[in-house]
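What the coordinates show
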Amino acid sequence: MNSDPRQDLITASRQFYQLGWMAGTAGNLSARVDDGSFWITASGKQKGKLTGSDFVRVSLQGEVIENPNLGNRPSAETSIHQAVYSLFPDAKACYHVHSVEAKLVTNFTEGDHLNLPPIEMLKGLGVWEEHPKVVMPVFKNHLDVSKIAKEISDRFQQSKPDVPALLIKNHGVTVWANSAFDAENYIELTEYIFRYIVAARQVGVHH
Ligand SMILES: CSCCC(=O)C(=O)COP(=O)(O)O
Ligand SMILES: [Zn+2]
């Protein structure tokens, strides 16, 4: 595991910002270090220009344990990262972005999940089936983010998701992975799938 993953987070954030998936201050990225704590983007930072002091290191319980800039507060959505790391102890990175498509597809849901199309890209998310019937969980967007985190914990304690990703209604996508490298990959794959879903609707393709 990387003992200081901030450079990976800076590089990914710049890339996602350039792609329009972390416009302005939107989104937050985190990655764990050896003692189980994690570096997370400080709240309200412009995601195209992060530096090493735009992060806060917090414990799994959410206490700030290292802060390079006293003006920093941890991301307002830190409780979601805490929930993910508690639910999936092998997860080493958790990335959350706000693309237009990630918001749009949450309006195409059935109940509390989005049906994913049976396309090849699912293999990149670990689904190796001939005719996959896979869903991505969708959660309500509460102003009180700790309520979103609690609903994630409650649902995933009951049953684990098909893919390492979740959506928040009209908000964005969150992925988790065993490395920062894989988390970046998962964001790219989920974004591709969301673009595909939107495009398929436009041309009348139904799976
Ligand atoms: C302008 S985005 C609104 C807040 C949000 O959803 C987000 O992802 C960024 O919040 P943070 O506190 O991590 O900057
Ligand atoms: Zn967000």
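Preceding this section is the structure that the text describes.
Reference entry: report on the structure contained in this document. Here the residue numbering is sequential within each chain, running from 1 through the sequence in written order. Labels follow written order: the first chain is A, the first ligand is 1, and so on. Given that this is a predicted model, residues contribute local features only at a pLDDT of at least 70 and side-chain atom pairs are listed and counted only at 80 or more, while totals for whole chains, interfaces and linings are drawn from all residues. Note that the side-chain values use all heavy atoms of the structure and ignore hydrogens as well as water.

**Brief notes about unusual backbone geometry**
Short version of the rule: Exposure classes here rest on a 1.4 Å probe applied to the protein chains alone. A residue is buried below 20% of its type maximum, exposed above 50%, and partly exposed in between.
Despite not being glycine, Asn170 shows a phi value in the positive range, around 55°. Taking the relative accessible area as the measure of exposure, Asn170 reaches 41% and is therefore partly exposed.

**Topic: the site of ligand 1**
To keep it simple, the criterion reads: Only heavy atoms are used to decide nearness, and a residue is near a molecule or strand if one of them lies within 4 Å of it. The definition of a polar contact used here is a pair of N or O atoms within 3.5 Å, where within protein one atom must be able to donate a hydrogen and the other to accept one, and adjacent residues in sequence count solely through side-chain atom pairs. Method for areas: the Shrake-Rupley scheme with a 1.4 Å probe, in which residue coverage is limited to the protein chains shown. For this classification, the nonpolar set comprises Ala, Val, Leu, Ile, Met, Phe, Trp, Tyr, Cys and Pro, the charged set comprises Asp, Glu, Lys and Arg, and every other residue, Gly included, is treated as polar.
Among the 13 residues in the neighbourhood of ligand 1, the closest are listed as Ser43, Gly44, Ser75, Ala76 and Glu77. A distance of 2.9 Å separates an oxygen atom of ligand 1 from a polar atom in the backbone of Gly27. Between ligand 1 and the protein, one listed contact pairs an oxygen atom with a side-chain N or O atom of Glu77 at 2.8 Å. In isolation ligand 1 offers 400 Å² of accessible surface; the protein chains occlude 74% of this area. Residues of the shell around ligand 1, tallied by class, amount to two nonpolar, nine polar and two charged.

**Remarks on the side chain of Arg32**
Under the convention used in this document: Put simply, DSSP marks the helices as runs of H or I at least four residues long and the strands as runs of E at least two long, and each gets a number from the N terminus on.
Tracing the backbone through its elements, the reader meets Arg32 in strand 1 (residues 28-32). One polar contact links the side chain of Arg32 to the main-chain carbonyl oxygen of Gly36, over a distance of 3.1 Å. There is a polar contact of 3.4 Å between the side chain of Arg32 and the backbone oxygen of Pro89.

**Some words on the packing of aromatic side chains**
What counts, and what does not: Each aromatic pair joins two rings of Phe, Tyr and Trp (for Trp, the six-membered one) with centres within 6.5 Å, and gets the label stacked for planes under 30 degrees apart, edge-to-face for over 60, and tilted for any other angle. Cation placement over rings: the criterion is NZ of Lys or CZ of Arg within 6 Å of the ring centroid and within 35° of the ring normal.
If you walk through the whole model with that rule in mind, you get seven aromatic pairs. A centroid spacing of 5.6 Å and a plane angle of 85° characterise the contact between Phe139 and Phe156, whose relative ring orientation is edge-to-face. In this pair, Phe139 is assigned in strand 7 (residues 134-139) and Phe156 in helix 4 (residues 145-158), connecting sequence segments 17 residues apart. An identical accessibility class is assigned to Phe139 and Phe156; each is buried. A network of ring pairs unites the aromatic residues Phe88, Phe139, Phe156 and Trp176 as a single cluster. Sitting above the plane of the Phe139 ring, Arg155 keeps its charged end 4.0 Å from the centroid.

**Description of the pattern of salt bridges**
Inclusion rule: Only one rule defines a salt bridge in this text: a Lys or Arg side-chain nitrogen within 4 Å of an Asp or Glu carboxyl oxygen.
Scanning the entire structure with this criterion turns up seven salt bridges. The shortest N-O distance in the salt bridge between Asp4 and Arg6 comes to 2.7 Å. Relative accessible area serves as the criterion here: at 16%, Arg6 is assigned to the buried category. Between Asp112 and Arg155 there is a salt bridge; the shortest N-O distance is 3.7 Å. Here Asp112, found in the loop between helix 3 (100-104) and strand 6 (113-116), pairs with Arg155, found in helix 4; they are 43 residues apart in sequence, far enough to count as distant. It is possible to trace a salt-bridge network through shared partners that takes in Asp35, Arg57 and Glu66.

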